[in-house]
Amino acid sequence: MRYTLSLGLLALAAGFQGVASELTKCIVPSQYKCSNGKASDSPAISDTFARCSKDSEIIFSAGVEYNVFSPIKQSNFSNVVIRQLGNLNLPQNITYVQGIVAAAGGSLTWFDVKGTDLSWIGTSNVTTGWFKSYGQAWYDANPSNASGLPNRPHLLRFTAQNGYARYWKSSKPIGANFALAGNNITVRDTIVDAYSNSSGFPFNTDGIGIGGTEILIEDSVIYNGDDAFAVGSGAHNAIIRRATIGYSTHGMSIGSLGSNPASFANVSNILFDDVTVIDGLYAARFKSWSGGQGLAQNITWNNIRVFNVSYPIFVTQVYYNQATTGPPTGPVTQAVNMQDFTWSNFKGTINSYQSGDLSCVSDPCWYDIGLPTNLNHTEALIIQCATGTSCKNFKVQNAQLYTQSGEPSTDICVNVGGALNPDFGLTCANSTSAIPYVPTIAWDSDY
């Protein structure tokens with residue numbers, strides 16, 4: 001299928017700078033300097049957002065620090081540009097932040113904005129304009145053999161009808177970074193730096209979560225410890241292109257889908273194009289729950305370069321929650337169906353010598369459970385379909401993936417029926433063993 005962008009999205013991609021001069025300017029005041037960095041600017045930010053929620057340009061001034069010590073939420077923006085030229089600092093007291101998140105029921109987003117014709121634009125100057133979450137202390141405080149501290153906030157939820165974002169920059173996030181919802185949204189030049197300078201792992205630091213329609217994401221640099229891009233149910237007509245992702249990234253992911261068997265998951269028309277993946281656990285990944293229902297259709301990964309990636313192409317329809325239900329006791333009869341999936345023009349190296357990442361806190365590692373015990377880390381592709389009919393019209397084209405060890409690359413397939421996948425493109429013998437269920441772990445959750 002040909003991927004196209006609507007005329008509205010193409011116009012939106014030009015940004016709102018052309019109308020900025022017609023907007024009322026609102027400068028956000030800061031007490032950072034006069035209080036020696038101790039006062040919170042959250043009340044001033046909330047007040048400015050409320051006063052200037054329509055036909056306004058809200059400015060976080062260049063060279064100015066802002067302390068955002070309590071969450072910010074504004075849901076009625078209309079024709080507003082937020083210009084982030086200064087740094088936004090989250091609290092550095094871990095127990096204080098945990099208390100706020102716990103009081104909200106254990107899930108909270110620090111910045112939650114919603115509106116129509118809404119922009120959030122930073123600066124191309126990499127010395128300022130950052131979201132600074134001070135996550136390194138959280139990484140270092142991870143308990144031994146555990147997957148991160150509880151009550152970690154997400155950073156920013158951006159819900160818009162006609163939205164534009166540019167130069168979002170996140171330094172040492174505590175949890176997931178940016179989540180998109182709504183329609184007609186362009187995001188450009190995002191940077192996420194969740195690189196840990198110790199053995200503490202940056203669990204759950206998803207880069208961009210995608211849950212809207214007519215989405216264009218371009219020119220991202222994301223170094224993190226979870227999905228760089230996570231496409232959730234309800235996402236349709238999205239293009240993600242020209243990105244570099246790495247460190248311990250879990251790649252470009254569809255899902256997880258189908259965690260609620262009573263709810264129909266639906267994702268369609270998603271293109272990942274021109275992406276470089278460095279040192280990642282996964283590159284292209286699909287994950288849906290055992291027993292879920294729904295349809296994921298017309299998904300393509302194209303022009304993907306991988307360097308030292310453990311699992312370049314990975315599909316599983318058999319997630320389960322090992323902490324609660326355990327694996328199904330009988331045969332799988334229901335799945336989130338996959339149709340019209342293409343992996344084309346993959347090139348690069350498979351991590352043959354030190355497969356995996358520091359998210360491994362168990363023996364065996366969570367990402368090896370459910371896979372054949374004789375993995376030799378030459379696998380370019382692993383596809384685990386739940387039933388003989390749940391995967392249809394799969395295509396693998398021009399996959400030039402080779403091992404660091406010099407051994408031939410291999411593939412693993414389960415239930416990839418030839419009749420339903422006549423153009424699969426690989427000689428990949430189906431496994432004759434029972435379906436290997438793949439467990440989730442607590443930290444590997446959706447945004």
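As the structure is a prediction and not an experimental result, all values here were calculated from the model. (Residues numbered from 1 in each chain as written. Predicted model: local features only at pLDDT ≥ 70, side-chain atom pairs only at ≥ 80, totals over all residues. Heavy atoms only, no water.)

Our focus in this paragraph is the overall build of the chain. Regarding its fold elements, the chain presents four helices and 25 strands. For the chain, the proportion of its 447 residues judged to be buried stands at 58%. In the chain, 76% of the contacts between residues at least 6 apart in sequence involve partners at least 24 apart. (Helix = DSSP H or I, 4+ residues; strand = E, 2+ residues; numbered from the N terminus. Buried < 20%, exposed > 50% of the residue type's maximum accessible area, 1.4 Å probe, protein only. Contact = heavy atoms within 4.5 Å.)

Quick look at the nonpolar core now. If you look at the biggest cluster of nonpolar residues, it comprises 91 residues, and the most contacted ones within it are Phe111, Phe229, Trp301 and Trp343. Beyond its immediate chain neighbours, meaning those up to four positions away, Trp301 contacts Met252, Ile254, Phe272, Ala284, Arg285, Phe341, Thr342, Trp343, Ser344 and Phe346. Leu281, Tyr367, Leu375 and Ile412 belong to the second-largest nonpolar core, a separate cluster that totals 11 residues. (Core = buried A, V, L, I, M, F, W, Y, C linked by side-chain atoms within 4.5 Å.)

Inspection of the secondary structure assignment puts Asp41 in the loop between strand 1 (24-27) and helix 2 (42-51). Arg51 provides the closest opposite charge to the buried, salt-bridge-free Asp41, at an N-O distance of 12 Å. Apart from the residues within four sequence positions on either side, Asp41 is in contact with Pro29, Ser30, Gln31, Tyr32, Glu65, Tyr66 and Asn67. (Lys, Arg positive; Asp, Glu negative; His and termini not counted. Salt bridge = Lys/Arg side-chain N within 4 Å of Asp/Glu carboxyl O.)

This next bit is on the environment of Phe341. Its location among the elements puts Phe341 in strand 21 (residues 336-350). The buried category is assigned to Phe341, whose relative accessible area is 0%. Phe341 has contacts with Phe286, Ala296, Gln297, Ile299, Trp301, Asn393, Phe394 and Lys395, leaving out every residue within four places of it along the chain.

Moving on, we come to the state of the cysteines. A disulfide bridge is the covalent bond that connects two cysteines by way of their sulfur atoms. Considering all chains together, one arrives at three disulfides under this definition. Between the sulfur atoms of Cys360 and its disulfide mate Cys365 the distance is 1.8 Å. Disulfide Cys360 to Cys365: torsion about the S-S bond roughly -80°, handedness left-handed. With its sulfur 2.0 Å from that of its partner, Cys385 forms a disulfide with Cys391. One quick way to see it: the torsion about the S-S bond of Cys385 and Cys391 is about -110°, and its sign makes the bridge left-handed. (Disulfide = S-S within 2.5 Å.)

A word on helix 2. Looking at helix 2, one finds that the buried residues are Ser42, Ala44, Ile45, Thr48 and Phe49. The buried residues of helix 2 occupy an angular sector of 160° when the element is viewed end-on, so they sit on one face. Set apart from the buried face of helix 2 by more than 90 degrees, the exposed residues are Pro43 and Arg51. The elements touched by buried residues of helix 2 are strand 1, strand 2 (54-60), strand 3 (65-67), strand 4 (72-84) and strand 6 (109-121). (Arc of directions from axis to C-beta.)

Put simply, Gly255 and Ser256 share a cis peptide bond, and its omega is 15°. The topology assignment puts Ser256 in strand 16 (residues 252-257). Cis geometry is adopted by the peptide bond preceding Pro364, which originates at Asp363 and carries an omega value of 5°. Its place among the elements puts Pro364 in the loop between strand 21 and strand 22 (379-384). Although it is not a glycine, Asn204 sits at a positive phi angle of roughly 65°.

A few words on helix 3 (residues 94-103). Looking at helix 3, one finds that the buried residues are Ile94, Val97, Gln98, Ile100 and Val101. End-on, the buried residues of helix 3 take up no more than an arc of 160°, which puts them together on one face. Exposed positions of helix 3 whose direction lies more than 90 degrees from the buried face are Thr95 and Ala103. For helix 3, the secondary structure elements touched by its buried residues are strand 6 and helix 4 (136-140). Looking one or two places after helix 3, you find Gly105, whose phi comes out positive at around 95°.

Of all 15 residues making up strand 17 (residues 264-278), 11 are buried, and the element is well covered by its neighbours. As paired elements, strand 15 (residues 236-247) and strand 17 share nine bridges and run parallel to each other. For Ala243, the partnering residue across the bridge sits in strand 17 and is Val275. Here strand 17 pairs with strand 19 (residues 293-309) via 13 bridges, running parallel. Bridged to Phe264 within strand 19 is Gln293. (Pairing = 2+ DSSP bridges.)

Enumeration over the complete set of coordinates arrives at 12 salt bridges. Taking the shortest distance from any N to any O, the salt bridge between Asp193 and Lys172 comes out at 2.9 Å. Of this pair, Asp193 sits in strand 11 (residues 191-193) while Lys172 sits in the loop between strand 9 (169-171) and strand 10 (178-188), placing them 21 residues apart in sequence. Residue Asp193 is classed as partly exposed on the basis of its relative accessible area, which comes to 24%. Among the residues examined, Lys172 registers a relative accessible area of 18% and is labelled buried. When salt bridges with common partners are traced through the structure, they connect Arg188, Glu218, Asp219, Arg241 and Arg242 into a single cluster.

A few words now on the packing of aromatic side chains. For the structure on display, the rule yields 22 aromatic pairs. Judged by centre distance (5.4 Å) and plane angle (75°), the ring pair of Phe49 and Phe77 falls under edge-to-face. Separated by 28 residues along the polypeptide, Phe49 in helix 2 and Phe77 in strand 4 bring together distant segments of the chain. For Phe49, a relative accessible area of 1% puts it in the buried group. Relative accessible area serves as the criterion here: at 2%, Phe77 is assigned to the buried category. Geometrically, the ring pair formed by Phe272 and Trp301 is stacked, given 5.7 Å between the ring centres and 10° between the ring planes. Taken together, the positions of Phe272 in strand 17 and Trp301 in strand 19 put the pair 29 residues apart, joining distant regions of the chain. (Phe/Tyr/Trp six-rings, centres within 6.5 Å; stacked < 30°, edge-to-face > 60°.)

Considering every residue of the chain, the mean pLDDT works out to 90; 89% of them sit at 70 or more. Segment residues 7-12 is flagged for pLDDT under 50; beyond a separation of four residues in sequence, or across chains, it makes 14 contacts in the model. Contacts for the low-pLDDT stretch residues 14-20, under 50 throughout, to residues beyond four places or in other chains number 12 contacts. (pLDDT = per-residue confidence, 0-100.)

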